[in-house]
Amino acid sequence: MGDLKNPRLIYLKGLLFLVGAVLSAGLLLAFHPTLQTAALLAICVWCACRFYYFTFYVIQHYIDTEYRYAGLWAFARYAWRERLGWRRDGKPMK
């Protein structure tokens, strides 16, 4: 499957993510309508957003300005290789 190029489909995809998030949060709060559930959900969403920002902005702009990530799996592979000391071409660092 190729990358989305049509701006309308890209906006639709974003809107579907928003609808999914709002529906799932609403249902979770409807099934467990407590302040504790709402607080934990808010913390979860905030932390997930900060992690996403970290992986796609902080790493690219402050740590490795040459590398571009295609998604979270690409970031995980990059982080694993960096931890093991492997270069991008697959050869070990000396």
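Whatever comes next refers back to the structure up there.
Residues numbered from 1 in each chain as written. Predicted model: local features only at pLDDT ≥ 70, side-chain atom pairs only at ≥ 80, totals over all residues. Heavy atoms only, no water.

Visitor: Describe in detail the overall build of the chain, supporting the description with residues and values.
Guide: The number of helices and strands found in the chain is three helices and zero strands. The helix and strand sequence of the chain, counted from the amino end, reads α-α-α. Sequence-distant contacts in the chain: of pairs separated by 6 or more residues, those separated by 24 or more amount to 5%. Counting every atom, the chain has about 8300 Å² of accessible surface; 68% of that belongs to carbon and sulfur. (Helix = DSSP H or I, 4+ residues; strand = E, 2+ residues; numbered from the N terminus. Contact = heavy atoms within 4.5 Å. Areas by Shrake-Rupley, 256 points an atom, 1.4 Å probe, with all protein chains shown as cover.)

Visitor: Tell me about the environment of Phe56, residues and numbers included.
Guide: In this fold, Phe56 is placed in helix α2 (residues 35-63). A relative accessible area of 18% places Phe56 in the buried class. When neighbours within four sequence positions are excluded, Phe56 is seen to be in contact with Tyr69, Gly71 and Leu72. (Buried < 20%, exposed > 50% of the residue type's maximum accessible area, 1.4 Å probe, protein only.)

Visitor: Can you explain the packing of aromatic side chains? Please cite residues and give values.
Guide: All told, the structure shown has four aromatic pairs when counted by the stated rule. Between Phe51 and Phe75, the aromatic rings sit 6.4 Å apart at their centres with planes inclined by 75°, giving edge-to-face as the arrangement. One end of the pair, Phe51, is in helix α2; the other, Phe75, is in helix α3 (residues 72-84), and 24 residues separate them in sequence. Their ring planes at 70° and their centres at 6.3 Å tell us that Tyr57 and Tyr62 sit as a pair that is edge-to-face. Grouping aromatic residues by their ring pairs yields a cluster made of Tyr53, Tyr57 and Tyr62. (Phe/Tyr/Trp six-rings, centres within 6.5 Å; stacked < 30°, edge-to-face > 60°.)

Visitor: Tell me about the packing of helix α1 (residues 7-31) against α2, and name the residues and values.
Guide: Running from amino to carboxyl end, α1 crosses α2 at an angle of 155°, the nearest separation of the two axes being 9 Å. If you check the angle between α1 and α2, you find them roughly antiparallel. With respect to the hand of their crossing, α1 and α2 are arranged in right-handed fashion. Facing Ala25, Leu28 and Leu29 of α1, the residues of α2 in contact are Thr37, Ala38 and Leu41. Partitioned by chemical class, the residues of the contact of α1 with α2 number five nonpolar, one polar and no charged. (Axes fitted to C-alpha atoms, helices over the stretch in contact; angles between N-to-C directions. Parallel < 35°, antiparallel > 145°, perpendicular 65-115°, else oblique. Left-handed = near helix turned anticlockwise from the far one by under 90°. Nonpolar A, V, L, I, M, F, W, Y, C, P; charged D, E, K, R; others polar.)

Visitor: How would you explain the side chain of Thr37 if you had to name every residue and give the values?
Guide: In this fold, Thr37 is placed in helix α2. Judged by relative accessible area, Thr37 falls into the buried class, the value being 17%. Once residues within four sequence positions are removed from consideration, Thr37 is found in contact with Leu28, Leu29 and His32.

Visitor: How would you summarise the nonpolar core if you had to cite specific residues and measurements?
Guide: Ranked by size, the top nonpolar core spans six residues in total: Phe56, Ile59, Tyr67, Tyr69, Phe75 and Tyr78. Where this core is concerned, the elements lending two or more residues are α2 and α3. (Core = buried A, V, L, I, M, F, W, Y, C linked by side-chain atoms within 4.5 Å.)

Visitor: Could you give an account of a nonpolar patch on the surface, with specific residues and numbers?
Guide: Judged by side-chain polarity, Leu4, Leu9, Ile10, Leu12, Leu15, Leu16, Leu18, Val19, Val22 and Leu23 come together as a nonpolar surface patch covering roughly 900 Å² of accessible area. Tracing the backbone through its elements, the reader meets Leu15 in helix α1. According to the relative accessible area criterion, Leu15 is partly exposed, its value standing at 47%. (Patch = residues over 30% accessible without salt bridge, like charges linked within 9 Å, V, L, I, M, F, W, Y side chains within 5 Å. Salt bridge = Lys/Arg side-chain N within 4 Å of Asp/Glu carboxyl O.)

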